[in-house]
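Each chain, letter by letter, is given below.
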Amino acid sequence: MKGHMNKISGTINDICTIWIDETKKIFRDEGLLIFTILLPLLYPLLYSWIYNNEVVRDVPFAIVDKSNSELSRKLISRLDASPDVETAYRCGSLEEAQRLVGLQEVYGIVYIPENFDTRINRMEQSTISLYCNMALMLTYKAIYQTSTAVIAGMNSDIQKSLTGNYTDREDEITTSPIDIEEVAMFNSTGGYGSFILPGVLILIIQQVLLLSIGMRNGTINERRPSKQRRDFTPKPTGLVPVVAGKTMCYLALFTILATYVLLAIPRIFNFVHILHAGDFVMFLLPYLLACIFFAMTVSVFIKERENVMLLVVFTSVPLLFISGISWPTSNIPEFWKYVSYIFPSTFGIQAFIKMNSMGATFSDITSEYVCLWIQAAVYLITACLVYRRMAAAPKDSQGHKKATPETAD
């Protein structure tokens, strides 16, 4: 019995030693310090500040008014009065306006033909042409929706003038016999920041963990024992203490960082945030564990510490796309759905958005929660397997044992 207690006590002591040693190495390595601590502290601030306005205002567009009539000037005045768009140029031809679009001086063109006023006065249907730069979704949306709303309003005015009604209520019924009540659910402001930021913050945590653990393992792989250095540093070499100690190090650090990123940042910039603290704690544990074990598994393939930066840069945007936040999950091809299940960020993003933006309770994210725990268990097994393989690394030509996760300085 005493021997078992001594063994357990020794294992706990080894875990704590690895934990402390790993933490010291993070703070002593300038590169690790930047990517592990400073990046998650500053990058969410920068990203949130960029999207803090939520919606675009005063998007410049060009007017080509060939009609030059009272009705066309009324249309232009109403467009310019909208907060979303701004009449930046009045052009004499469509070619001139197209040149401005090419120079990105404007993001859209409203073309009013010569017979615009004449056809309406003849009780005929007139046409207005709208050209939008589709390269930027937000600017296209602002110009298109504003133009549609203004034209619809002018249509209603023409209908009222022709009906001969005596009261405003009769005009209202004539122009809108079926009243539509629009209620914005979840993202009530219609802001792009509140829409995209929750998913991005969750992805940042996974990618920063991959950067940190990958750079650490890349450093180990780069360093090899020499005649001037001892083969082993004075710390434990067991598989369980190594995996557990490293896990505790990153779990402790990123519990603090994730709380700052996921709770403080949305409140600082007044984004939509209705997450309950208890649900957040229950969600955070399996997500962090899944990300840590996933990063440990992937990191053994990192031979140089700079390689992990390329991996993170290459995968960040695709992971955001296949998570189901920027494109409906139902419309994602089956192959990419299965690919997305490999990454903890997929289930983490879906669960966090449900709780943070849609007011879901913990019972509403049961499927994502279970999937995160399954990922944590699977990646724990794979992390132990790859770390065991590294621990059994062969000796080099001089008889020195190659660096392993627990022997490299």
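Residues numbered from 1 in each chain as written. Predicted model: local features only at pLDDT ≥ 70, side-chain atom pairs only at ≥ 80, totals over all residues. Heavy atoms only, no water.

**Some thoughts on the nonpolar core**
- In terms of nonpolar packing, the biggest core is built from 73 residues, with Ile 205, Leu 209, Phe 254, Leu 262, Phe 283, Ile 292 and Met 296 touching the most fellow members.
- When contributions to this core are tallied by element, the ones reaching two or more residues are helix H1 (2-28), helix H2 (30-50), helix H8 (192-222), helix H9 (239-268), helix H10 (277-299), helix H11 (307-322), helix H13 (344-357) and helix H14 (366-391).
- With near-sequence residues (within four places) excluded, Leu 209 lies in contact with Gly 214, Tyr 250, Phe 254, Leu 288, Cys 291, Ile 292 and Ala 295.
- With 17 residues, the next largest nonpolar core counts Val 59, Ile 76, Val 110 and Ile 120 among its residues. (Core = buried A, V, L, I, M, F, W, Y, C linked by side-chain atoms within 4.5 Å. Buried < 20%, exposed > 50% of the residue type's maximum accessible area, 1.4 Å probe, protein only. Helix = DSSP H or I, 4+ residues; strand = E, 2+ residues; numbered from the N terminus. Contact = heavy atoms within 4.5 Å.)

**Topic: the sheet that holds strand S2 (residues 85-90)**
- With respect to topology, four strands assemble into an open sheet ordered S2-S1-S3-S4, the strand pairing being mixed. With one partner strand each, in any of the chains shown, S2 and strand S4 (129-132) form the two edges of the open sheet. Strand-to-strand twist in this sheet, taken as the mean axis angle between neighbours without regard to direction, amounts to 25°.
- Where strand S1 (residues 59-65) meets S2, five bridges bridge the pair, whose relative direction is parallel. Along S2, the bridge assignment pairs Phe 61 with Thr 87.
- Contacts between helix H4 (residues 94-102) and the sheet are confined to S1, S2, strand S3 (108-112) and S4, with S3 contributing the most and set at about 170° to the helix. (Pairing = 2+ DSSP bridges. Axes fitted to C-alpha atoms, helices over the stretch in contact; angles between N-to-C directions.)

**Some thoughts on unusual backbone geometry**
- Non-glycine residue Asp 58 carries a positive phi angle of around 50°.
- Tracing the backbone through its elements, the reader meets Asp 58 in the loop between H2 and S1.
- Using a relative accessible area of 43% as the deciding quantity, one classes Asp 58 as partly exposed.
- We note that Gln 104 has phi near 60°; this positive angle belongs to a residue other than glycine.

**Side note on the environment of Tyr 107**
- Inspection of the secondary structure assignment puts Tyr 107 in the loop between H4 and S3.
- Considering only alpha carbons, one finds Tyr 107 and Ser 129, 22 residues apart in sequence, at a separation of 14 Å.
- If near-sequence neighbours (up to four positions away) are discounted, Tyr 107 is found in contact with Val 59, Pro 60, Tyr 131, Cys 132, Asn 133, Leu 136, Thr 139 and Ile 143.

**Some words on the packing of helix H6 (residues 137-163) against helix H7 (residues 168-175)**
- Contact pair H6 / H7: the axes reach a minimum separation of 10 Å and the direction vectors enclose 120°. Relative to H7, the element H6 is oriented oblique. Relative to H7, H6 is oriented so that their crossing is right-handed. Counted together, Ser 156, Gln 159, Lys 160 and Thr 163 of H6 and Asp 171, Thr 174 and Thr 175 of H7 form the full contact between these two elements.
- Looking at the contact of H6 with H7 residue by residue, the class counts come to no nonpolar, five polar and two charged. (Parallel < 35°, antiparallel > 145°, perpendicular 65-115°, else oblique. Left-handed = near helix turned anticlockwise from the far one by under 90°. Nonpolar A, V, L, I, M, F, W, Y, C, P; charged D, E, K, R; others polar.)

**Concerning the side chain of Ser 82**
- Checked against the element boundaries, Ser 82 lands in the loop between helix H3 (70-81) and S2.
- Using a relative accessible area of 15% as the deciding quantity, one classes Ser 82 as buried.
- In terms of polar contacts, Ser 82 uses its side chain to reach the backbone amide nitrogen of Asp 84, at 3.2 Å. (Polar contact = N/O pair within 3.5 Å; in protein donor to acceptor, adjacent residues only side chain to side chain.)

**Observations regarding the pattern of salt bridges**
- Applying the stated criterion across every chain yields a total of eight salt bridges.
- Note that Arg 57 is salt-bridged to Asp 84, the shortest N-O span being 2.4 Å. One end of the pair, Arg 57, is in the loop between H2 and S1; the other, Asp 84, is in the loop between H3 and S2, with 27 residues separating them in the sequence.
- The exposure class of Asp 84 is partly exposed, given its relative accessible area of 22%.
- The partner of Lys 337 in a salt bridge is Glu 334, and the shortest N-O contact between them spans 3.6 Å. A residue pair is termed a helical-turn pair when its members lie 3 or 4 positions apart in one helix, as Lys 337 and Glu 334 do in helix H12 (residues 334-340) at three residues.
- Through salt bridges with shared partners, a single network forms among Glu 22, Arg 216 and Lys 246. (Salt bridge = Lys/Arg side-chain N within 4 Å of Asp/Glu carboxyl O.)

**Examining the packing of aromatic side chains**
- On inspection of all chains with the given rule, the structure shows 12 aromatic pairs.
- Taking the centre distance of 5.8 Å and the plane angle of 75° together, the rings of Phe 294 and Phe 343 count as edge-to-face. Of this pair, Phe 294 sits in helix H10 while Phe 343 sits in the loop between H12 and H13, and the two are 49 residues apart along the sequence.
- Judged by its relative accessible area of 7%, Phe 294 falls in the buried class.
- Phe 343 sits in the buried class, given a relative accessible area of 17%.
- Taking the centre distance of 4.6 Å and the plane angle of 75° together, the rings of Phe 362 and Tyr 369 count as edge-to-face.
- Exposure remark for Phe 362: the relative accessible area of 21% places this residue in the partly exposed category.
- The class for Tyr 369 is buried, based on a relative accessible area of 17%.
- Pairwise contacts between aromatic rings join Phe 283, Tyr 287 and Phe 352 into one cluster. (Phe/Tyr/Trp six-rings, centres within 6.5 Å; stacked < 30°, edge-to-face > 60°.)

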